[in-house]
Each structure stands twice: as C-alpha cells, then as structure tokens.
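In case you want the letters, here they are:
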Amino acid sequence: MRQYQIRENEAGQRLDKYLKKLLNQAPGSFLYKMLRKKNIVLNEKKADGGEKLNVGDTVTLFLSQETIEKFQRPMKAEGDPFVKYPVANLEILYESKDFLVINKPAGMLSQKAKPDDISANEYIIGYLLDTKAITREELATFTPSVVNRLDRNTSGILAAGKTMKGLQQMSHMLKQRELGKYYGCLAVGEIRKEQTLTDWLKKDEGTNRVVVTKEAEEGSVPIRTILHPQKIISGFTLLNVQLITGRSHQIRAHLASLGHPIVGDPKYGNPDVNRRFRESCHIHSQLLYACQMELPDQTVINAPLPKSFQRAITEIQRKEMV
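Residues numbered from 1 in each chain as written. Predicted model: local features only at pLDDT ≥ 70, side-chain atom pairs only at ≥ 80, totals over all residues. Heavy atoms only, no water.

A description of the sheet that holds strand E2 (residues 40-42) should follow, citing residues and the corresponding values.
Taken in spatial order, the 3 strands of this open sheet run E1-E3-E2, and their pairing is antiparallel. Two strands in the sheet have a free side with no partner beyond their single neighbour: strand E1 (2-5) and E2. Direction aside, neighbouring strands of the sheet carry axes that sit 15° apart on average. Here E1 pairs with strand E3 (residues 58-61) via 4 bridges, running antiparallel. Residue pairing in the sheet places Gln5 in a bridge with Thr58 of E3. Set on the sheet, helix H1 (residues 15-22) makes contact with E1, E2 and E3; between it and E3 the angle comes to about 55°. (Pairing = 2+ DSSP bridges. Helix = DSSP H or I, 4+ residues; strand = E, 2+ residues; numbered from the N terminus. Axes fitted to C-alpha atoms, helices over the stretch in contact; angles between N-to-C directions. Contact = heavy atoms within 4.5 Å.)

Any chance you could break down the environment of Glu215 for me, citing the residues and the numbers?
With respect to the element layout, Glu215 can be found in the loop between strand E10 (209-213) and strand E11 (221-233). C-alpha of Glu215 to C-alpha of Gln230: the two residues are 15 residues apart in sequence and 29 Å apart in space.

If you had to explain unusual backbone geometry to someone new, which residues and values would you point to?
With a phi close to 60°, Lys38 is a non-glycine residue in the positive phi region. Positionally, Lys38 belongs in the loop between helix H2 (28-36) and E2. Taking the relative accessible area as the measure of exposure, Lys38 reaches 48% and is therefore partly exposed. Of note, Ser234 is a non-glycine position whose phi angle comes to about 45°, a positive value. By the element assignment, Ser234 lies in the loop between E11 and strand E12 (236-243). (Buried < 20%, exposed > 50% of the residue type's maximum accessible area, 1.4 Å probe, protein only.)

Break down the layout of surface pockets for me, with residues and values.
Of the voids in this model, the largest pocket is the one considered here, and its volume is about 990 Å³. Around the largest pocket, the lining is made up of 36 residues, and of these Arg149, Leu150, Asp151, Arg247 and Ser248 lie nearest the centre. When contributions to the lining of the largest pocket are tallied by element, the ones reaching two or more residues are strand E8 (180-188), E12 and helix H6 (250-257). Across the lining of the largest pocket, the residue classes tally to 12 nonpolar, 14 polar and 10 charged. (1 Å grid on protein atoms, 1.4 Å probe; cavity = no way out; pocket = protein on both sides within 12 Å on 5 of 7 lines; lining within 4 Å. Points joined across faces, edges and corners; volume = space filled by probe spheres on them. Nonpolar A, V, L, I, M, F, W, Y, C, P; charged D, E, K, R; others polar.)

Quick rundown of the packing of aromatic side chains? Include the residues and the values.
Counting across every chain of the model gives 3 aromatic pairs. Between Phe236 and Phe277 the ring centres are 5.5 Å apart and the planes differ by 85°, which places this aromatic pair in the edge-to-face class. Note that Phe236 is positioned in strand E12 and Phe277 in helix H7 (residues 271-281), a separation of 41 residues in sequence. Phe277 gets classed as buried once you look at its relative accessible area, which sits at 0%. Ring plane angle 70° and centroid distance 5.2 Å describe the contact between Tyr289 and Phe309, whose orientation is recorded as edge-to-face. Remark: Phe309 occurs in helix H8 (residues 307-318) and Tyr289 occurs in strand E13 (residues 288-294); sequence separation between them is 20 residues. Grouping residues by exposure puts Tyr289 and Phe309 together as buried. (Phe/Tyr/Trp six-rings, centres within 6.5 Å; stacked < 30°, edge-to-face > 60°.)

Any chance you could break down the nonpolar core for me, citing the residues and the numbers?
With 64 residues, the main nonpolar core has Leu186 and Phe277 as its most contacted residues. With 22 residues, the next largest nonpolar core counts Tyr4, Ala11, Ala26 and Phe30 among its residues. (Core = buried A, V, L, I, M, F, W, Y, C linked by side-chain atoms within 4.5 Å.)

Tell me what's going on with the packing of H1 against H2, and back it up with residues and numbers.
The interhelical angle for the contact between H1 and H2, taken along N-to-C directions, is 120°, at an axis separation of 10 Å. Regarding the angle of H1 to H2, the classification is oblique. H1 and H2 meet at a crossing whose hand is right-handed. Two secondary-structure elements touch here, H1 through Leu15, Asp16, Leu19 and Lys20 and H2 through Leu31, Tyr32 and Leu35. Tallied by class, residues from the contact of H1 with H2 come to 5 nonpolar, no polar and 2 charged. (Parallel < 35°, antiparallel > 145°, perpendicular 65-115°, else oblique. Left-handed = near helix turned anticlockwise from the far one by under 90°.)

For helix H4 (residues 120-130), give the residues involved together with the corresponding values.
With 9 of its 11 residues buried, H4 lies for the most part within the structure. One or two steps after H4, the chain reaches Lys132, where phi turns positive at roughly 65°.

So, the environment of Glu91: which residues are in play, and what are the values?
Here Glu91 shows up in the loop between helix H3 (65-71) and strand E4 (92-95). Its relative accessible area of 37% is what places Glu91 among the partly exposed residues.

Hey, could you go over the state of the cysteines for me, with residue numbers and the actual values?
As used in these notes, a disulfide is a covalent bond between sulfur atoms, one from each of two cysteines. A full pass over the atoms with the stated rule returns 0 disulfides. The structure places no disulfide on Cys185, whose sulfur is separated from the nearest cysteine sulfur, that of Cys291, by 9.1 Å. According to the relative accessible area criterion, Cys185 is buried, its value standing at 0%. Take Cys281: it sits in no disulfide, and the sulfur closest to it among the cysteines is that of Cys185, at 16 Å. For Cys281, a relative accessible area of 6% corresponds to the buried category. (Disulfide = S-S within 2.5 Å.)

All we've got here are geometric facts, nothing functional implied.
See the structure below:
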C-alpha cells in the first residue's frame with residue numbers, strides 16, 4: 001500500500017489524470033479497473049476517476065510495491081538535462097503563489113520545438129526547484145508550464161502557471177480574452193493615427209509564413225489588431241500594439257500588409273532597411289516585444305524597453321536611415 005496527499009501544486013486536476021501521471025507506464029484500462037475494484041481509492045472511498053482533487057485529499061494505492069514501481073517512470077541518470085533542470089538568471093516581472101511572469105529574452109524558445117531543446121519552460125522549472133516553490137516529487141504529477149507563447153526572437157512578457165490552479169486560471173483568462181496583451185515595436189514609416197485593423201489571416205504550414213487578406217479565404221481566420229502610435233522618429237514609428245486576437249505572426253504580418261513592416265523582421269520586413277540596421281547597430285531580429293499584460297484584477301505587468309530598441313532609436317536619431 002502507498003498513500004499520497006494532494007498538495008497545492010497538484011490540486012484542481014481530475015483524479016484519473018493525476019493517476020496517469022503518477023503511474024505513467026500503466027495503461028488506462030488498468031487504472032480504471034483498479035478504481036472499480038477499490039484498489040485505488042480517494043479519501044478512503046470508491047472513486048471513478050472523474051473527481052476533481054482538492055488540497056489535502058488522500059489517494060491510496062492498495063497495490064504491491066513491485067506493481068507500483070513497474071508502472072512508474074524509471075529514474076534517469078544523474079546529469080540528464082531533463083532531470084537536472086537548468087538554472088538561469090531569469091528576470092522576474094511578477095510572481096504570486098500561482099503565477100510567474102518573466103521577461104523572456106530574444107533567442108529563447110517559449111516551449112520545446114524538439115525533445116532536446118531547452119526552452120523558457122525548462123528554465124522556469126529550474127527556477128521553481130531552486131527556490132523550493134516545487135519539489136522533484138511534485139513534478140511527477142504536475143509540471144509548471146508557460147501559458148502564452150512568443151516567437152523565439154520576440155522578447156518580453158511570458159506567463160506561467162506555478163500550480164495547477166494557476167495554470168487553469170491563466171489558460172481560462174487567455175481563452176476568454178480577459179487578459180490585456182500589448183506589444184511594443186518599431187515600424188518602418190510614419191503611422192500618425194490610432195487605428196483598428198480587422199482582416200483575415202491564412203498560414204502556410206510548409207513555409208511557416210502567413211498572408212493577410214481583406215476578404216475571407218478557405219482556411220483563413222479573422223484577426224483584429226489595434227495600433228497606438230507612441231512616437232514618430234525620423235520616418236519610423238514607435239508603436240504600442242494591442243492584440244484582440246492572437247494568431248501566429250499576427251502583428252508582424254498585419255503591419256507588413258500595411259506597408260509598415262517591423263524593423264529587423266526577417267520574414268516580413270524590408271531587406272534593405274534590415275541590412276542597414278544590422279550593419280549599423282547589430283539588429284538581427286524583429287524589434288517586437290511583449291511590453292504589457294493587464295490581469296482582470298487590474299494588476300498591470302510591464303517589461304522594460306529592450307536594449308536593441310534603444311540602439312536602433314539612437315542610430316535613427318544620429319543619422320537618416322530611410
């Protein structure tokens with residue numbers, strides 16, 4: 001027999017999902033059979049697996065030690081990168097019991113693209129382990145995760161759920177569009193008036209590019225972007241962009257479709273402008289960052305202006321770039 005008590009990081013998930021993580025090598029049919037036969041019980045009572053777990057609940061396995069070990073993931077060797085999570089000097093913008101918000105640097109993946117990638121997700125888990133916000137034992141049944149995504153070369157606000165409750169709440173707020181999401185960018189040309197852009201976007205999975213159109217096409221989705229010009233700088237515009245919908249490459253493609261691509265954007269930008277900024281002030285990626293997030297409780301989280309923006313603005317002011 002073995003008994004587990006549900007901790008705050010694990011609460012909020014269904015019992016069957018918890019069991020599939022706890023005994024991750026066991027087939028679902030085995031787990032449901034054990035529940036039916038009361039070999040697995042919740043708070044000393046029969047359960048069917050659909051119950052939502054609360055802090056302090058007890059899950060008891062009336063199984064042999066041999067059976068439990070058979071169905072649990074074997075420990076990996078010490079030094080394996082997926083056991084020894086990396087610890088980096090993360091810039092923490094906001095932290096509560098359930099949420100964590102970091103300032104992701106350009107060049108860092110939000111989540112893995114390949115199994116051997118190290119992304120912001122791994123660095124966040126490393127930070128939580130290092131600060132003892134979560135234990136290695138808890139990682140068997142709950143893994144903290146980022147809830148919004150930024151392109152590799154887009155820096156700024158990246159939010160994660162530290163607990164199951166936080167992950168569920170943040171995911172719900174994103175889905176219901178209850179989070180205010182604002183991005184800062186430096187666009188080519190002068191945009192003097194605030195405007196709302198309502199168009200359609202279609203993604204080509206083969207090239208990982210999107211196309212913005214005025215009319216709906218097969219496979220396209222509606223997009224809505226609000227532009228708030230902040231400052232005109234010698235033929236360029238420092239913009240605050242509010243995302244109403246959050247589609248792949250939405251801001252970059254929407255601005256490019258207007259003839260105002262983002263400086264440094266390798267996919268949708270102006271090659272000549274990009275080359276001049278690359279040579280004069282080492283700009284190698286799009287000048288776009290997630291600058292602000294507004295939570296439903298009116299908490300406002302801000303990310304500082306990246307140094308790359310400061311270099312570009314200084315260069316524009318120093319000499320004519322267009």
